[in-house]
Amino acid sequence: MTADIDKTAGGPAGTPPPGPGAEAIKAIPVRHYGRYVSAAVAIALLAAVVFAFSQGKINWGAIPDYFFDDRVLTGMGKTLLITVLAMLIGVVGGIVLAVMRLSKNPVTSSISWFYIWFFRGTPVLVQLVVWFNLGLVFEYINLGPFYRDEWSDFMTPFLTALLGLGLNEAAYMAEICRAGLLAVDEGQTEAAHALGMSQAKTLRRIVVPQAMRVIVPPTGNEVINMLKTTSLVSVVQYAELFRVAQDIGQTSGAPAEMLFLAAAWYLLLTSVFSIGQYYLERHYARGSSRQLPPTPWQKVKTNMFALGRPKGGTA
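The sections below set out a description of the structure shown in this document. The model shown is predicted, which means the values in this text are computed figures rather than measured ones. (Residues numbered from 1 in each chain as written. Predicted model: local features only at pLDDT ≥ 70, side-chain atom pairs only at ≥ 80, totals over all residues. Heavy atoms only, no water.)

Some remarks on the pattern of salt bridges
(1) Moving on: What the rule picks out here adds up to three salt bridges.
(2) Moving on: In this structure, the salt-bridge partner of Arg71 is Asp69, at a minimum N-O distance of 3.1 Å.
(3) Moving on: Among the salt bridges present, the one from Glu175 reaches Arg178, with a minimum N-O distance of 3.0 Å. Pair noted here: Glu175 and Arg178 are both in helix α7 (residues 157-183), with a separation of three residues, about one helical turn. (Salt bridge = Lys/Arg side-chain N within 4 Å of Asp/Glu carboxyl O. Helix = DSSP H or I, 4+ residues; strand = E, 2+ residues; numbered from the N terminus.)

Some thoughts on the packing of helix α3 (residues 70-102) against helix α9 (residues 199-229)
(1) Moving on: Contact geometry of α3 with α9 gives a least axis separation of 11 Å together with a crossing angle of 140 degrees. On the basis of the axis angle, α3 is oblique to α9. Two packed elements cross with a definite hand, and for α3 against α9 that hand is right-handed. Contacts between α3 and α9 involve Thr79, Leu80, Thr83, Ala86, Met87 and Val99 from the first element and Leu203, Thr219, Glu222, Val223, Met226 and Leu227 from the second.
(2) Moving on: Tallied by class, residues from the contact of α3 with α9 come to eight nonpolar, three polar and one charged. (Axes fitted to C-alpha atoms, helices over the stretch in contact; angles between N-to-C directions. Parallel < 35°, antiparallel > 145°, perpendicular 65-115°, else oblique. Left-handed = near helix turned anticlockwise from the far one by under 90°. Contact = heavy atoms within 4.5 Å. Nonpolar A, V, L, I, M, F, W, Y, C, P; charged D, E, K, R; others polar.)

Let's talk about unusual backbone geometry
(1) Moving on: With phi around 70 degrees, Gln237 is a residue other than glycine that occupies positive phi space.
(2) Moving on: Its location among the elements puts Gln237 in the loop between α9 and α10 (241-252).
(3) Moving on: Judged by its relative accessible area of 44%, Gln237 falls in the partly exposed class. (Buried < 20%, exposed > 50% of the residue type's maximum accessible area, 1.4 Å probe, protein only.)

A short note on the nonpolar core
(1) Moving on: Ranked by internal contacts, the top residues of the largest apolar core, which has 21 residues, are Ile82, Leu165 and Val233.
(2) Moving on: Those elements that provide at least two residues to this core are α3, α5 (124-132), α7 and α9.
(3) Moving on: When residues in this core are grouped by element, the largest group, seven residues, is from α7.
(4) Moving on: Phe67, Met76, Ile248 and Tyr266 belong to the second-largest nonpolar core, a separate cluster that totals 17 residues. (Core = buried A, V, L, I, M, F, W, Y, C linked by side-chain atoms within 4.5 Å.)

Considering the packing of aromatic side chains
(1) Moving on: Applying the stated criterion across every chain yields a total of 15 aromatic pairs.
(2) Moving on: Each ring, one from Tyr278 and one from Tyr279, has its centre 5.6 Å from the other, and the planes form 90 degrees; the classification is edge-to-face.
(3) Moving on: Residue Tyr278 is classed as partly exposed on the basis of its relative accessible area, which comes to 24%.
(4) Moving on: Among the aromatic residues, ring-to-ring pairing joins Trp113, Phe114, Tyr115, Trp117, Phe118 and Phe119 into one connected group.
(5) Moving on: Here the guanidinium or amino end of Arg148 rests over the ring plane of Tyr140, the centre of that ring lying 4.6 Å away. (Phe/Tyr/Trp six-rings, centres within 6.5 Å; stacked < 30°, edge-to-face > 60°. Lys NZ or Arg CZ within 6 Å of the ring centre and 35° of its normal.)

Some details on the side chain of Glu175
(1) Moving on: Residue classification places Glu175 among the buried residues on the basis of a relative accessible area of 18%.
(2) Moving on: The contact partners of Glu175, leaving out residues within four places of it in the chain, are Arg101, Ile116 and Arg120.

Digging into α9
At 3.6 residues per turn, the α-helix brings residues three or four places apart onto the same side.
(1) Moving on: Over its 31 residues, α9 runs only 36 Å from end to end, short of the ideal 45 Å by more than 12%, given 1.5 Å per residue.
(2) Moving on: Where α9 bends most, at Met212, the angle is about 45 degrees.
(3) Moving on: Inspection of α9 places Thr202, Val207, Ala211, Ile215, Val216, Thr219, Gly220, Glu222, Ile224, Met226, Leu227 and Thr229 among the buried residues, and these make up the whole buried set.
(4) Moving on: Of the residues flanking the start of α9, the one acting as N-cap is Ser198, its side-chain oxygen 3.3 Å from the backbone nitrogen of Lys201. (Expected span 1.5 Å × (residues − 1). Bend = angle between axes of the 7 residues up to and from the residue. Polar contact = N/O pair within 3.5 Å; in protein donor to acceptor, adjacent residues only side chain to side chain.)

Okay, here's the thing in structure tokens:
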């Protein structure tokens, strides 16, 4: 037979086995010249931007002088406070609206649809200004025996920012939560009902924990977006980070530098939030991924060990 296989040699019959001194195959990597060109262009553009800013009339020393100023830190604290409280309103309201939207009751479903349609269809800046100027329409706020006061005293800049951002965020979180709930297989709900669980208990114990894997990533993006959107509340006189930076810039004679300072703080805060989002997503991926994605520190260690390996071999 011409196609006999030599089992000992691992190849066709008659093929001599590789000797101990046989030359190993040398793999030559393909050169990607396009990558080198694009990298050079990117570095050149970055160097041009850095050079342009270095030649501008910017007092870079003013930024570290005011970076930890008490007014800046207070404004940053208010930014974080309004971010957390507005997201809390948005998440709770979004869950309620999502459940209402999925309800078989046409009244509650229609109310939820109208809320989402209205708040997603109008700019958040317009909503903030409307809340702030409702005193032109209502002279008093009257809640019967519980509370009664002039609208101008009731609608403070803080409450305006909280309602404007929180109620708007609830509309977006409603769609995120609805997508997460719909991502859970209906068989899970049917099995829970077959075991005698109520609708509320099924949502709390079965559906919502599985939906979190879908809900968490876009919710993390919404938190970061909310942190940056808080800069809009400066128009309603709320003294958050951006407003404080503008005030300091007007009094110190360094308006552009204080804007750079505010941008640096926003970058720092969003970076911290992004790290928290990464680990939260990693936590909820445990039930769906066989192997969890490496953490940033694991990636750094892997790259360090890879650099330390000799060429053509392993460490």
